[in-house]
Amino acid sequence: MSLTCIGILIVVLYSLAGIFHILTYKNKQWSIPFGIALLFLFLFLGIGNTIIKNPLHNKSHYTHLNNKKAHTYLFSIQEQLKPSKYHTKYIVQLHKSDSAHITGKALLSIEIDSTQKKLTIGHWYYTRTILKDLPNIKNPYQFDYGAYLKRKDIYGQFLIESNELLKGNQITETSKTIALRFRESVISTLKNQPFTQKQLAIIQALVLGQRQDIDANLSNQYVNAGMMHILAVSGLHVGILLLILRSITGIISSRKFRWIRSGICITLLWCFAFVTGLSPSVLRAVTMFSFLELGSCLGGKRSVNDALLFSAFILLSMDPMLLYQVGFQLSYLAVIAILWVQPWLYSFYRPSYYLTTKLWGIITVSIAAQIGVLPLSLFYFHQFPGLFLISNIVVLPFLGIILSLGILIIGLSYFSILPNELAIAYGKIIDFLNNFIAWIASKEVFIIDHISLSFTTMFLMYALLASLIYTLKKYRYKRLLFFLTIIVLTLSIQVYKKEKKKTSHITIFHKNRETLIGVYMADSLVVYSDTHHKKFTTDYRIEAYQNRFGLDTFYIKRMQNYFSFKHKKILVIDSLEVYKIKDIEPHYILLRQSPDIHLERLISLYPNTTIIADGSNYKSDITRWKATCHQLKTPFHSSYEKGFFMIE
């Protein structure tokens, strides 16, 4: 659809919404057409804004150039990402390709070596290389990192070594780069304090939103305890900080000075956002709570709700792709649930004492937020931490203190006036927090994982929860009927999906230097591997499989040289090069561990076959085999290029 058509539709819908709005004052029945017109108006506004903001429509974007050969690129460093096992990663803004001016963001991956130095945010660099495509999915049901990057307007990547970079003289000076460099300077001062590596990693995450130094084990413990949200500086932290600021500015809380008080709180919130490097999650949260603070000044629940919706409208107007980001979805769903559900939950019990009042408030807020994010969390993360309520009850009352102390520690450290005793005491508090989280996470019996949830089921879960709460709040026959209808619809869809579910298939996974084969039959998964089952560690490829099909367990078996599956025969040829087997006409031949075979002779022996090469082979061998198969017109599949191979 062209922008002209969308523009005409927006004008028509705006006019209709205006007419229906006027008619609503005379007859409330016109409120339904008004709501429908408004809904479609915002829908087409979003579509038009997405088209306008799409960087691919810019003729100078690098995707319109020939990037299949090496060019000299000039780019600036925008942001550092969490490093992988073999690469440090950055988001870069491209400026030139040879002498041509270009635009667009790309991913820069640099191989880790002992001489590598950290790149400076905002500085410009040169490199001569090929701009490669983003990685595609190599295994079934795994996270699509390439699609995730495209939603952040990143469409290409550089894979280079550190000696292929040349530092330029230019420096980009934007509020974002200045904030990130300031955060880096704050972190460097913290590293000079008597904190352990774990303490420093948690402090950086809690206060500065920098999670790159948290090791996988510690991160998993926070996930299993249902407390990962405290390590991502976003709505929770900004909300707590706003409550602290409102308490501090309570002396000017009178009606006469409420706008001054709100102005001070909002200004300090944006100062906090600057210290954290103006990360997207913090910007979202600060924008949202700034509008909520303004809404509270206007008074009334409706003003707060309108402010929340207006903040979402502003953020999506600036960046429509935010709608697809998990953090944005979780933040707004949690706040909406707190505003809608928490007051109703709180009304069930009226505590008489201050401590019980605060405790009951934390419990109801935690339950309301969990109701808001539960279906979405199950959809994305396939896990439910059963002890989340205990974790929140224990940690959240002290999170404000921990956050306030953390800001104080950072301020004193930055000006080099932090007493060692205070730093050591704060480190002990962080240790206590980590130990408590580890203890909660160790109760694995309460962790429900590998939950399979489709988008349709997630949507129905929200409808089910909303209709249930709507019915319980104020019973009406129509509400109960709607709730029962949702239940019947949900059960019907689940039965239908159960019947349509794949009953069995065999998958040859892509894994570097190893062979991994999975056989799924009758809701059971058998994994064939060279690693003995006692030494086999859970692989993310297998975890993705478990999450997709809701499997709690799987079985490990030794790799074998022959598989028979649904009348299809699979011959596996490894470094032992054994393939002459009587009375076998394989439909597929899997080459692994780079066997030194004469492929033409093998194909002449088994002409009606498909050759498969997995990630355990050398790339040079795969290139040679591919050329031979192409010459002999034999189907060839390389997992390096095409990813996994599935036989159904």
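Look up: the structure comes first, before these words.
Figured I'd write up the structure that's included with this text. Predicted model, so just to flag it, every value in this text is computed and none were measured. (Residues numbered from 1 in each chain as written. Predicted model: local features only at pLDDT ≥ 70, side-chain atom pairs only at ≥ 80, totals over all residues. Heavy atoms only, no water.)

**Let's talk about the overall build of the protein chain**
- A count of helical and extended segments in the protein chain gives 20 helices and 19 strands.
- Relative to the globule expectation of 26 Å for 648 residues, the C-alpha radius of gyration of the protein chain, 29 Å, shows essentially globular dimensions.
- Its C-alpha atoms give the protein chain principal-axis dimensions of roughly 90 × 65 × 60 Å.
- The proportion of buried residues among the 648 residues of the protein chain is 45%.
- Residue pairs at least 24 apart in sequence account for 64% of intrachain contacts in the protein chain once pairs closer than 6 positions are excluded.
- With an accessible surface of roughly 35000 Å², the protein chain has 63% of that area assigned to carbon and sulfur atoms.
- Distance from the positive charge centre (68 side chains) to the negative charge centre (37 side chains) of the protein chain: 11 Å. (Helix = DSSP H or I, 4+ residues; strand = E, 2+ residues; numbered from the N terminus. Rg over C-alpha atoms; globule rule 2.2 N^0.38 Å. Buried < 20%, exposed > 50% of the residue type's maximum accessible area, 1.4 Å probe, protein only. Contact = heavy atoms within 4.5 Å. Areas by Shrake-Rupley, 256 points an atom, 1.4 Å probe, with all protein chains shown as cover. Lys, Arg positive; Asp, Glu negative; His and termini not counted. Charge placed at Lys NZ, Arg CZ, Asp CG, Glu CD.)

**Looking at the nonpolar core**
- If you look at the biggest cluster of nonpolar residues, it comprises 38 residues, and the most contacted ones within it are Leu206, Tyr222 and Ile230.
- Of all elements in the fold, only helix H4 (175-190), helix H5 (197-208), helix H6 (216-224), helix H13 (388-414) and helix H14 (420-441) reach the threshold of two or more residues within this core.
- With sequence-adjacent residues up to four places away left out, Leu206 is seen in contact with Ile230, Leu231, Val233, His237, Leu399, Ile402, Leu403, Ile430 and Leu433.
- Counting residues in each nonpolar core, the second largest holds 25 residues, with Ala179, Cys265, Val282 and Val286 among its members. (Core = buried A, V, L, I, M, F, W, Y, C linked by side-chain atoms within 4.5 Å.)

**A few points about the sheet that holds strand S19 (residues 645-647)**
- Ordered in space as S13-S12-S11-S10-S19, the 5 strands form an open sheet in which the pairing is mixed. Looking at strand neighbours, the two that pair on one side only are strand S13 (555-558) and S19, the edges of this open sheet. Ignoring which end each strand starts from, the neighbouring axes of this sheet average 20 degrees apart.
- Pairing between strand S11 (residues 516-521) and strand S12 (residues 524-529): 6 bridges, direction antiparallel. If you follow Met521 over to S12, its bridge partner there is Ser524.
- Helix H17 (residues 540-549) contacts strand S10 (504-508), S11, S12 and S19 of the sheet and is inclined by roughly 15 degrees relative to S11. (Pairing = 2+ DSSP bridges. Axes fitted to C-alpha atoms, helices over the stretch in contact; angles between N-to-C directions.)

**Thoughts on H4**
- Along its 16 residues, H4 runs 23 Å from first to last C-alpha, staying within 8% of the 22 Å computed at 1.5 Å per residue.
- The elements touched by buried residues of H4 are strand S1 (71-81), H5, helix H8 (258-275) and H13. (Expected span 1.5 Å × (residues − 1).)

**Digging into the packing of aromatic side chains**
- Summed over all chains, the structure comprises 26 aromatic pairs.
- Ring geometry for Tyr141 versus Tyr545: centroids 5.5 Å apart, planes at 70 degrees, classification edge-to-face. Placement of Tyr141 in the loop between strand S5 (123-129) and helix H3 (145-150) and of Tyr545 in helix H17 is noted, with a sequence separation of 404 residues between them.
- Within the aromatic cluster, the residues linked to one another by ring pairs are Tyr141, Phe509, Tyr520, Tyr545 and Phe549.
- Its guanidinium or amino end placed over the ring of Phe549, Arg548 lies 5.1 Å from that ring's centre, counting from NZ or CZ. (Phe/Tyr/Trp six-rings, centres within 6.5 Å; stacked < 30°, edge-to-face > 60°. Lys NZ or Arg CZ within 6 Å of the ring centre and 35° of its normal.)

**So, a negative patch on the surface**
- Together, Glu111, Asp113, Glu161 and Glu164 make up a region of like negative charge exposed at the surface.
- The topology assignment puts Asp113 in the loop between strand S4 (105-111) and S5.
- Among the residues examined, Asp113 registers a relative accessible area of 32% and is labelled partly exposed. (Patch = residues over 30% accessible without salt bridge, like charges linked within 9 Å, V, L, I, M, F, W, Y side chains within 5 Å. Salt bridge = Lys/Arg side-chain N within 4 Å of Asp/Glu carboxyl O.)

**Re H17**
- Counting buried positions along H17 yields 7 of 10 residues, so the element is predominantly enclosed.
- Turning to H17, its buried residues are Arg541, Ile542, Ala544, Tyr545, Gln546, Asn547 and Phe549.
- Where H17 is buried, its residues touch S10, S11, S12 and S19.
- Where H17 starts, the residue carrying a side-chain oxygen 2.8 Å from the main-chain nitrogen of Arg541 turns out to be Asp539.
- Backbone geometry just after H17 places Gly550 at a positive phi near 65 degrees. (Polar contact = N/O pair within 3.5 Å; in protein donor to acceptor, adjacent residues only side chain to side chain.)

**Regarding the pattern of salt bridges**
- A complete count under the given rule lists 12 salt bridges for this structure.
- Close ionic contact of Asp539 with Lys511 constitutes a salt bridge, the shortest N to O distance being 3.0 Å. Separated by 28 residues along the polypeptide, Asp539 in the loop between S12 and H17 and Lys511 in the loop between S10 and S11 bring together distant segments of the chain. Here the two residues Asp539 and Lys511 agree in accessibility, since each one is buried.
- Residue Arg541 is joined to Asp539 by a salt bridge in which the shortest nitrogen-to-oxygen separation is 2.8 Å. Taken as a pair, Arg541 and Asp539 share a single burial class, namely buried.
- Connected through salt bridges with shared partners, the residues Lys511, Glu514, Asp539 and Arg541 form a single ionic network.

**Overview of unusual backbone geometry**
- Its identity as a non-glycine residue notwithstanding, Tyr141 has a phi of 65 degrees, on the positive side.
- You will see that Gln593, though not glycine, has its phi angle at about 60 degrees, which is positive.
- Tracing the backbone shows Gln593 in the loop between strand S16 (588-591) and helix H18 (599-605).
- Taking relative accessible area as the criterion, Gln593 reaches 30% and is therefore assigned partly exposed.

**A word on the state of the cysteines**
- Enumeration over the complete set of coordinates arrives at 0 disulfides.
- Of all cysteine sulfurs in the structure, the one in Cys265 sits closest to Cys271, which takes part in no disulfide; the separation is 12 Å. (Disulfide = S-S within 2.5 Å.)

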